[in-house]
Each structure stands twice: as C-alpha cells, then as structure tokens.
Amino acid sequence: DETTYLFAVEITDAAGNVTVDDNGGACYGFTTLPAKEYYTEQFLSDFDLEGTSLTFTPDPGPDGYTACRETIGGLPVSTAGATPISLSDDDSELVALTGGQSVSLYGAAYGEVWVGSNGYVTFGQPDSDYDESLSEHFELPRVAAMYDDFNPSTGGVVSHLQTAESLVITWFRVEQFSTGDMNTFQIELFFDGRIRVSWTQLGSTDGIVGLSDGSGLQGDFLEENLSGLVDCGGQVVCQTDLGFGGPGTASLSLCGGDLSTGTSADLALTGAAPNAA
C-alpha cells in the first residue's frame, strides 16, 4: 500500500555472460497504489475494542467512509424502551423502520434490516452463520459488531430501538455459545448514513468486526487495525451559518466536535446590531 519499489534487471546467457540494466545506477522503480480501506478486522483471541466506539461517516471517495474512534464509559444509547428481538441460537429476524425512515450502507438505502444473533446486521437478506470467516463476512452487505457464535436464548437480550435520528440494535449481556460469558455491544444506523459501533463488555476475544458491501472478499483486501483509527475528538466540524434570524447581516457559527459527553464547541455571533436580542 503506497510503497515504492526499486529494481534492476540482470540477464545471463547460455555462455554465462552477464548483463545488468540498472538505469544508469539509479534503478527502475514504481509505487503501489493506495489500498482501499475495507474497515474490517479479524480478531484471533486479541480483541482490543472494549470501551470503544467507532464512527463511520459516508464519504464520496473510493473507501465509501471515513472512520474514527473514541473511548466510552457506557453504551451511547440506553436500552430503555427498546423492543426485545426473539432470537434463538444461529437466528436472524427482520426489523422494519417506521415513519418512512431508511438507513444506508455504502450508498444503498434500506427500509428494513436483518438482525443476526451472532453479532451482526445484514441488509437485503438474512444470515445466521456462526463460523466467522472473512469470505462469509464479505458475502453479504453487513455491519458486524462482533461476528462470533452467540446464543441469546441461553442468556442476554437483543433489542431494537428507533430514535429520532437512528435505528439502534443492542446485544446486552448476550452469552457466547457454550461458554456462558457475557457480551454487550451496540450498532447505531443513523438516518444520515453514519454508522456507530460500540463495545462495553466482551467475554469473547475472537471474531470479525467491520463493514461489508456484499461484493465478496477482494484480492486487494488489507486488514484494518481498527483500534488505530484517528480519535474522533480530533475531527472538528464547522457550521458557518446556523440561520440566526436577527437584524441586519448577523450570522451564528459553530465549530467543534460531535457534542457528545466530554467534547466542546465554540459558538460565534458576528454582524449583529448593538443590543440585538
């Protein structure tokens, strides 16, 4: 990925004569293209995202999203008022959005999603596979919070909640198959296209986390170090005009983070008449 290679050509004929072409001592060279970001990581007993949220924001570039991480002390959205989903072992159930809302993955809009007991949401069709592999992950459009073998029928609750801005799917203290450990994580599918995945308690240490557009495992796939993503607090967003309705040409601007707990932003009022309300 974006690496320069230098080479020379050495030719030996049948009589043992050697000719070298090294471009006059400078060598020939080429640089590999930037690799696409697939935002997927397979963990092998080394899960390191507990106490973390990852946010994926739609981007028109070749990767489809930009991504960042932040440390959390609890799930971003409470499960209060959420509707439990009846899931048996290796099961998937359809959840339909209400009020004409839709969520999206890699630019495709969906008015319903399939929630799998094994730690993922799929789009367009259900999946109940429990034996995680990269080829299976990329086979369907999918958001995997922790693609592993879970069994909600023996412990824990999987639920869905539609808020004013997102569809929230939560696996709360769900047991891993045959182990009895508890696992709590959450997927938020925002109506504006953003995706946020969060983990607060993981007994499982192996599984697949990430996004898939359903086009299959590609030859240029490179695994992402998701814990190495940029800190979301470093991404400053500015709204230069919030539509202040005061006199004259006054405008109200805002610059800062996402206004979640612990972040801050600056508001600036310019052009307002003296003593204006």
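Residues numbered from 1 in each chain as written. Predicted model: local features only at pLDDT ≥ 70, side-chain atom pairs only at ≥ 80, totals over all residues. Heavy atoms only, no water.

Undergrad: I'd like a description of the overall build of the protein chain, backed by residues and values.
TA: A count of helices and strands for the protein chain gives one helix and 22 strands. The C-alpha radius of gyration of the protein chain comes to 24 Å, more than 25% above the 19 Å expected for a compact globule of 277 residues. Each of the three principal axes of the protein chain carries a C-alpha extent, and together these read 90 × 65 × 30 Å. Counting the 277 residues in the protein chain, one finds 39% classified as buried. Long-range contacts, defined as pairs at least 24 residues apart, comprise 58% of the intrachain contacts of the protein chain with a sequence gap of at least 6. (Helix = DSSP H or I, 4+ residues; strand = E, 2+ residues; numbered from the N terminus. Rg over C-alpha atoms; globule rule 2.2 N^0.38 Å. Buried < 20%, exposed > 50% of the residue type's maximum accessible area, 1.4 Å probe, protein only. Contact = heavy atoms within 4.5 Å.)

Undergrad: So what's going on with the sheet that holds strand β13 (residues 120–122)? Which residues, and what values?
TA: Read across the open sheet, the six strands follow the order β5-β19-β14-β13-β12-β9; overall the sheet is antiparallel. The strands lining the two open edges of the sheet, one partner per strand, are β5 (40–43) and β9 (92–96). Strand-to-strand twist of the sheet, defined as the mean angle between neighbouring strand axes without regard to direction, takes the value 20 degrees. With five bridges joining them, β9 and strand β12 (residues 112–116) adopt antiparallel strand pairing. (Pairing = 2+ DSSP bridges. Axes fitted to C-alpha atoms, helices over the stretch in contact; angles between N-to-C directions.)

Undergrad: Help me get a handle on the sheet that holds strand β8 (residues 83–84), residues and values and all.
TA: Taken in spatial order, the seven strands make up an open sheet running β7-β6-β18-β17-β16-β15-β8, and their pairing is antiparallel. Because the sheet does not close on itself, it has two edges, and the strands there are β7 (65–71) and β8. Across five bridges, the pairing between strand β6 (residues 52–58) and strand β18 (residues 195–202) is antiparallel. Across the sheet, Thr52 pairs through a bridge with Trp199, a residue of β18.

Undergrad: Give me unusual backbone geometry: which residues, what numbers.
TA: Notably, Asn23 is not glycine yet its phi reads approximately 60 degrees, a positive angle. By the element assignment, Asn23 lies in the loop between β3 (18–21) and β4 (28–31). With relative accessibility at 36%, the residue Asn23 sits in the partly exposed group. One non-glycine residue, Arg173, adopts positive backbone phi at about 50 degrees. Relative to the helices and strands, Arg173 resides in strand β16 (residues 166–175).

Undergrad: Got a sec to walk through a nonpolar patch on the surface? Specific residues and values, please.
TA: Together, Tyr5, Phe7, Val9, Ile11, Tyr28 and Phe30 make up an exposed nonpolar region whose accessible area comes to about 540 Å². Broken down by secondary-structure element, the contributors of at least two residues to the nonpolar patch are β1 (4–7), β2 (9–12) and β4. Tracing the sequence through the fold places Tyr5 in strand β1. Owing to a relative accessible area of 43%, Tyr5 belongs among the partly exposed residues under this scheme. (Patch = residues over 30% accessible without salt bridge, like charges linked within 9 Å, V, L, I, M, F, W, Y side chains within 5 Å. Areas by Shrake-Rupley, 256 points an atom, 1.4 Å probe, with all protein chains shown as cover. Salt bridge = Lys/Arg side-chain N within 4 Å of Asp/Glu carboxyl O.)

Undergrad: Run through the nonpolar core, naming residues and quoting values.
TA: One finds Val115 and Trp199 to be the most contacted residues of the largest nonpolar core, which totals 40 residues. Setting aside its immediate chain neighbours within four residues, Trp199 contacts Phe47, Leu49, Glu50, Gly51, Thr52, Leu54, Ile72, Ala145, Met146, Thr184, Phe185 and Val209. In terms of nonpolar packing, the next biggest core, distinct from the first, is built from eight residues, Tyr38, Phe138, Ala144 and Tyr147 among them. (Core = buried A, V, L, I, M, F, W, Y, C linked by side-chain atoms within 4.5 Å.)

Undergrad: Which residues make up the packing of aromatic side chains, and what values go with them?
TA: Here the distance between the centres and the angle between the planes together describe a pair of aromatic rings. According to the stated counting rule, one finds 14 aromatic pairs in the structure shown. Plain terms: the ring middles of Tyr38 and Phe138 are 5.9 Å apart, the flat faces sit at 80 degrees to each other, and that makes the pair edge-to-face. Remark: Phe138 occurs in the loop between α1 (134–137) and β14 (141–147) and Tyr38 occurs in the loop between β4 and β5; sequence separation between them is 100 residues. Overall, the relative accessible area of 3% leaves Phe138 in the buried class. The cationic tip of Arg142 hangs over the ring face of Tyr120; the distance from NZ or CZ to the ring centre is 4.5 Å. Taking NZ or CZ as reference, Arg194 lies 4.0 Å from the ring centre of Phe190, over its face. (Phe/Tyr/Trp six-rings, centres within 6.5 Å; stacked < 30°, edge-to-face > 60°. Lys NZ or Arg CZ within 6 Å of the ring centre and 35° of its normal.)

By themselves, these observations are geometric and do not establish any function.
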